[in-house]
Every structure is written in structure tokens, then in C-alpha cells.
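Breakdown of the fold
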Amino acid sequence: MRASMSHKFGREYALGTEPWKEHSTIPGRFTGNPSLSVTVSQYMISLHRRKVRLGEVVTSARAMDEPIMIRLWEFACQTPQKDFGPTTRQQKADDPTEWAGFNIRMMLYLLYLVSMTCLLRYDEALRMTWADVAFQNPRPTDFRVKLNLPFRKTHQYGDIAPFYLYGQPNRPWMCLVTAFAIWWNSRQKVQNLDGFVFRKKIGTDSTSQSFLECFRNNLLDIGIDPRPYGTHSFRRGGCQYLHIVLKWSFRQICNWGGWADDCDNPGTIFKYLLSWNDSPDRDRENYMNPARPLTDPCRACGRTCHCA
């Protein structure tokens, strides 16, 4: 709430980001942003302290993980493709699982995957147009997708580094090249490839609530309680996937996700990596157990040890 008030005063009322203080030469006149005053800061610190004493904790949206992405991918692939038009409201009312067909589910999966892989906020992903997507073949044996995003919250004045995405035949559920190809083929059958990548049902005038509704319906399809998840689940899940599964360093994640190069706020990335609300990857009782169960085989080297 304080952040929204600071934005309101700073942007719409053009009061900037300077702290609220009395004018040095004109007594009784104040300048700066009222939301950034010392009084408000002291109140927020006191409020946080009281909430902690009452046992309240800040709950982040639960991060998406690879096993859930596998289930979403398999469910979307198993959805039958129908030749007739869109599902009517009566059909959706009679059968709740008919809330979306094959094309909509594949579009949603592409939206999930691009948000998770590129560490995007949902509104950044929704602004993508086909003009921002380039299919490249730098070498005869390589094929990749290049994303040139027009807007990012952390780069509002341009200078946004592109994303280069390659195929992952060993992980088709995490392969953006495959997801783009399926959605591109579906769109090409019905209309020209121009405008926004995602259809109007999820498109530009979509709110976080409508996106969240589709996401929660998708989770219900595979029997997962959707309540702990939110629109930020993919950005958090992508950060954990890059670090835990792909073994990326913090510096590489910060560079890929567009965080500050100087890492002036290192607490941000740890909030993405750690939360009591996330699903544990292993039991605490087995942390030091030399005979603990092995992991799934590494798809690159085949090892099943926990250090792989």
C-alpha cells in the first residue's frame, strides 16, 4: 500500500522521490513525497514489529517447480483438439473441465513458461507482440528464439537485453522453442501473426484477476490446490529452477533476470529462492543422512547423487 501511495504522489502528482520535509527558507511549507516522510517510515516499522509479535508473517506466492510444469504440460498435450468452434457457455456450465480447449491451454502454457524461464512479471509477458519474437538459425544445427521485450519494470527507458532461448529436447516441458512452435502453428491456422502473442482472453486489457483465474483453473485440472499460488509464482519458480536445477550462479541469475548489476539489494534474490511457503525439495531428516534416497537422474550426465 505504501508503495502504491509513493507511486501516486511521485508520478501522478509529480512530487518526486525526495523525503517529505519542511522547506528550508519558507517555514510552514513542505516539499517532497508525503509517503516517504519520517513519520510514515516510523509507523511502518512499528506496524511490522507489532505484526511479528502477533505471529503474522509475510507470505509470498508459492513458487512453481518443474514437477508441476511437467503435469501441466502433459495435461495440455493430452487435451483433444476439436475441429469445431469455441466452447459455448452452456458446455462450460455442464462440464467445468471444458473451460478451455487445446489451443487456450497451449497458449497459457507458453505464457507460464516464458514468465518462468525469463523471470518476467505477468504484465511484462502479456505485452509481448509477434514483432518482439524472432526465430533464428545461427548455425545449421541450431535453432533459437530471440525475445526483444519492449518494456520491463526495471528498464522503463529501454536498454533491455534480449533473451536467447534454445531447444531442450531432454526437457520438452521446459522448451520454449517447442511451446512457441505449437502456439505459432495454432495461430497461423486462424489468423495472421501480428499483434500480441497472447489472445485477447489473456491479452492486453487483462487484469491480474483474470490471469489468476485461468491459472487456478489449470491447477485444478491436475488436482493441485491453487490457493497458495499467485501471479508471481512463475518469477519465483524460475529463479529457483535456474539456481537449483540448472546450477546457475547468483550473478548469472541477476544478469539474466535484469536485476541491478551491482547487486545493491542482495536480499531480493534470496526472497525469491527461500520461503517457508514453497514445497520442500527434500526432508530435513535426510540432510546429513549418507544413505538418503537418490535424486532423479541428471539429464546431461546421468548421475543421481545430490551433488550432481
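Below, the structure is looked at part by part. This structure is a prediction, so every number in the text was calculated from the model and none was measured.

1. Some words on the sheet that holds strand β5 (residues 163-166)
Taken in spatial order, the 3 strands line up as β3-β4-β5 in an open sheet, and their pairing is antiparallel. The two strands at the open ends of the sheet, each matched to only one other strand, are β3 (133-136) and β5. Here the average twist between neighbouring strands, direction ignored, is 25°. Summarising the sheet, β3 and strand β4 (residues 144-147) pair through 4 bridges and their orientation is antiparallel.

2. Quick notes on the nonpolar core
Met64, Met69, Tyr112, Val114, Leu147, Phe180 and Val197 are the most contacted members of the largest nonpolar core, which totals 64 residues. When residues in this core are grouped by element, the largest group, 12 residues, is from helix α5 (residues 102-117). What Val114 contacts, discounting residues up to four positions off in sequence, is Leu119, Leu120, Ala125, Met128, Leu147, Leu176 and Phe198.

3. Concerning the packing of aromatic side chains
Across all of its chains, the model carries 12 aromatic pairs by this definition. Three or more aromatic residues joined by ring pairs make a cluster, and in this case those are Tyr112, Phe215, Tyr229 and Phe234.

4. Quick notes on empty space enclosed by the protein
This model, assessed by the stated rule, comprises 1 cavity of 30 Å³ or more. Lining of the largest cavity is provided by Leu72, Phe75, Ala76, Arg105, Tyr109 and Asn218. Listing elements by their share of the lining of the largest cavity, those giving two or more residues are α3 (66-78) and α5. Here the lining of the largest cavity takes 3 residues from α3, the largest share from any one element. Counted by class, the lining of the largest cavity contains 4 nonpolar, 1 polar and 1 charged residues.

5. Re the pattern of salt bridges
The final tally for this structure, using the stated rule, is 5 salt bridges. A salt bridge links Arg171 to Glu66, with the shortest nitrogen-to-oxygen separation between them at 2.8 Å. Highlighted residues: Arg171 in the loop between β5 and α7 (176-190) and Glu66 in helix α3, separated in sequence by 105 residues. Residue class for Arg171 comes out buried when judged on its relative accessible area of 16%. Judged by its relative accessible area of 14%, Glu66 is buried. As a salt-bridge pair, Asp221 and Arg105 come within 2.4 Å of each other at their nearest N and O atoms. In this pair, Asp221 sits in helix α8 (residues 208-221) while Arg105 sits in helix α5, placing the two residues 116 residues apart along the sequence. Across the pair, exposure class does not vary: Asp221 and Arg105 are buried alike.

Definitions and limits used
Residue positions within a chain follow its written sequence, with the count starting from 1. For a predicted model such as this one, the threshold for reporting local features is a pLDDT of at least 70, and the threshold for listing and counting side-chain atom pairs is 80 or more; totals across whole chains, interfaces and linings nevertheless cover every residue. Neither water nor hydrogens contribute to the side-chain values; these are computed over all heavy atoms in the structure. Being paired, for any two strands, means DSSP has found at least two bridges between them. Numbering goes from the N terminus for both helices and strands, where a helix is a DSSP run of H or I of at least four residues and a strand is a run of E of at least two. Here, axes are lines fitted to C-alpha atoms. For helices the fit covers the stretch in contact, and angles between N-to-C directions go from 0 to 180 degrees. The definition of a nonpolar core used throughout is a set of buried Ala, Val, Leu, Ile, Met, Phe, Trp, Tyr and Cys residues joined through side-chain atoms within 4.5 Å. Throughout this description, buried means an accessible area under 20% of the type-specific maximum (1.4 Å probe, protein chains only), exposed means over 50%, and partly exposed covers the range between. By definition in these notes, contact holds between two residues if any of their heavy atoms fall within 4.5 Å. Each Phe, Tyr or Trp ring (for Trp, its six-membered ring) is paired with any other whose centre lies within 6.5 Å, and the angle between the two planes then decides the class: stacked below 30 degrees, edge-to-face above 60, tilted in between. Detection works on a 1 Å grid of protein atoms alone, calling trapped sets that fit a 1.4 Å probe cavities and calling open sets with protein on both sides within 12 Å along at least five of seven lines pockets, with lining residues defined by an atom within 4 Å of a point. Grid points are joined across faces, edges and corners, and a volume is the space filled by probe spheres set on the points. Charged means Asp, Glu, Lys or Arg here, nonpolar means Ala, Val, Leu, Ile, Met, Phe, Trp, Tyr, Cys or Pro, and polar covers whatever is left, Gly included. Only one rule defines a salt bridge in this text: a Lys or Arg side-chain nitrogen within 4 Å of an Asp or Glu carboxyl oxygen.

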